[in-house]
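Read off the chains here:
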Amino acid sequence: MPLTDSALQNVLRMILKGEHYRKAVLLQISEDFLKFSVQFFKDVVYAKIEGIGIDKDWYKENFLDGKYSAKDTAIYAGLNAKSIFNIYGSSTREVIMEVAPAFYDELLQSVESLISNEYAGLNLRLTINYRDVSVNLTLEETLIVVNTLAAKHAEIRGGAWSGLGKRLELPLMLTLAKLYQVPSSHYAGKGLTGESREVDFHFLSDSGDQFFCEVKLMGKGNPESADSTIARRSNIFIAQTLSDKNKSQLTNRGHHWVELGAPDGYKRMFTVFTYLDIPCVEFDGDLDSALDDIIPQVFEEIA
């Protein structure tokens, strides 16, 4: 699942302060996963109690019968909507509700085969205590539950990282523009016009010259990201971290760069604005206080 706006704002703040934002993303992933796990275990307790002595396949009866959303149903079957789309070309509710139970049946057969052969004699059982209720899961049931948790963690992790850079490009550029009081008439991005969220951000100088920006929250020494800036003829390259080679390449080919991960790296943006004759005001205040005001405004503006 994608990061919430609140989490994105926190990540953006860390980027502008030159901090390692990846830790914040990992913490958010862990928090979301723990919330799901706790609720899932509660649901398992109730479902197990209802299914004891009634149906061997209580899990399928309770988690794949349509009471949950299609997205969650896929997870409970050990899949995810993206995988279903890649295989079947569709991830509508109708498709998921047909595919998920069938996949679960195959998974169950695989688990039973493993228990009968490779895991024969293994005594592994999951006991869940909730308030005054305690349920014990067989090895077969335990493996199914563990598989569901693994599928959910993969979904949360993939959603958190997927498109993170793209989702932060527009807020980052708007925050920098507002931090240095660049008039709104001297910058623009697709996200401001109601078009695609793909950012095509640019600044305008006092004489009307247009300067395009490229944002890459890349790791150190990634040459492909720097090359993409050159290939797209962007004028300003903004990255979390740049190697000396990246900086040399960009400088030698006439591109301006800003390394946000460097100490006070955001301040180089003012130097770029000044050099390119983009109207701005130097910022010398408290960064934390300024970001407290600017970042919420930015997210309201692009909502």
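Up top you'll find the structure we're talking about.
Residues numbered from 1 in each chain as written. Predicted model: local features only at pLDDT ≥ 70, side-chain atom pairs only at ≥ 80, totals over all residues. Heavy atoms only, no water.

A. The packing of aromatic side chains, seen in detail. Under the criterion given, the structure shown has 18 aromatic pairs. Both rings, one in tyrosine 180 and one in phenylalanine 273, keep their centres 6.1 Å apart while their planes meet at 75°; by these two values the pair is edge-to-face. Remark: phenylalanine 273 occurs in helix α11 (residues 268–275) and tyrosine 180 occurs in the loop between α8 (164–179) and β3 (187–188); sequence separation between them is 93 residues. Across the pair, phenylalanine 273 and tyrosine 180 agree in class, each one buried. The interplanar angle of 65° and the centroid separation of 5.3 Å between the aromatic rings of phenylalanine 201 and phenylalanine 203 together place this pair among those described as edge-to-face. Residues phenylalanine 201 and phenylalanine 203 agree in their burial class; the two are buried. Chaining the aromatic ring pairs together yields one cluster made of Phe36, Phe40, Phe41, Trp58, Tyr59, Phe63, Tyr68, Tyr76 and Tyr104. Above the ring of tryptophan 257, the side-chain terminus of arginine 268 is found at 3.6 Å from the ring centroid. (Phe/Tyr/Trp six-rings, centres within 6.5 Å; stacked < 30°, edge-to-face > 60°. Helix = DSSP H or I, 4+ residues; strand = E, 2+ residues; numbered from the N terminus. Buried < 20%, exposed > 50% of the residue type's maximum accessible area, 1.4 Å probe, protein only. Lys NZ or Arg CZ within 6 Å of the ring centre and 35° of its normal.)

B. Structural view of the sheet that holds strand β7 (residues 256–259). Read from one edge of the open sheet, 5 strands run β3-β4-β5-β6-β7, paired in mixed fashion. Looking at which strands have only one partner, the edges of the open sheet turn out to be β3 and β7. When strand β4 (residues 202–204) meets strand β5 (residues 210–216), the two strands line up antiparallel, connected through 3 bridges. Across the sheet, histidine 202 pairs through a bridge with phenylalanine 212, a residue of β5. The sheet contacts of α8 involve β3, β4, β5 and β6 (236–239), and relative to β5 the element is tilted by about 125°. Along the sheet, α11 makes contact with β4, β6 and β7, crossing β7 at roughly 165°. (Pairing = 2+ DSSP bridges. Contact = heavy atoms within 4.5 Å. Axes fitted to C-alpha atoms, helices over the stretch in contact; angles between N-to-C directions.)

C. Up close: the environment of lysine 48. One can find lysine 48 in helix α2 (residues 22–51). The exposure class of lysine 48 is buried, given its relative accessible area of 9%. Along the primary structure lysine 48 and asparagine 62 are separated by 14 residues, whereas in three dimensions their C-alpha atoms are 8.7 Å apart. Setting aside residues no more than four positions away along its own chain, lysine 48 makes contact with Trp58, Val135, Asn136, Leu137 and Glu141. Here the side chain of lysine 48 touches glutamate 141 through a polar contact of 2.8 Å, side chain to side chain. (Polar contact = N/O pair within 3.5 Å; in protein donor to acceptor, adjacent residues only side chain to side chain.)

D. Expanded view of the packing of helix α1 (residues 5–16) against α2. It is at 9 Å that the axes of α1 and α2 come closest, and there the two elements cross at 160°. Of the possible angle classes, the one that applies to α1 and α2 is roughly antiparallel. Here α1 and α2 pass one another in a crossing that is right-handed. Of the residues in α2, those in contact with Ala7, Asn10, Val11 and Met14 of α1 are Ala24, Val25 and Gln28. Here the residues of the contact of α1 with α2 are counted per class, giving 5 nonpolar, 2 polar and no charged. (Parallel < 35°, antiparallel > 145°, perpendicular 65-115°, else oblique. Left-handed = near helix turned anticlockwise from the far one by under 90°. Nonpolar A, V, L, I, M, F, W, Y, C, P; charged D, E, K, R; others polar.)

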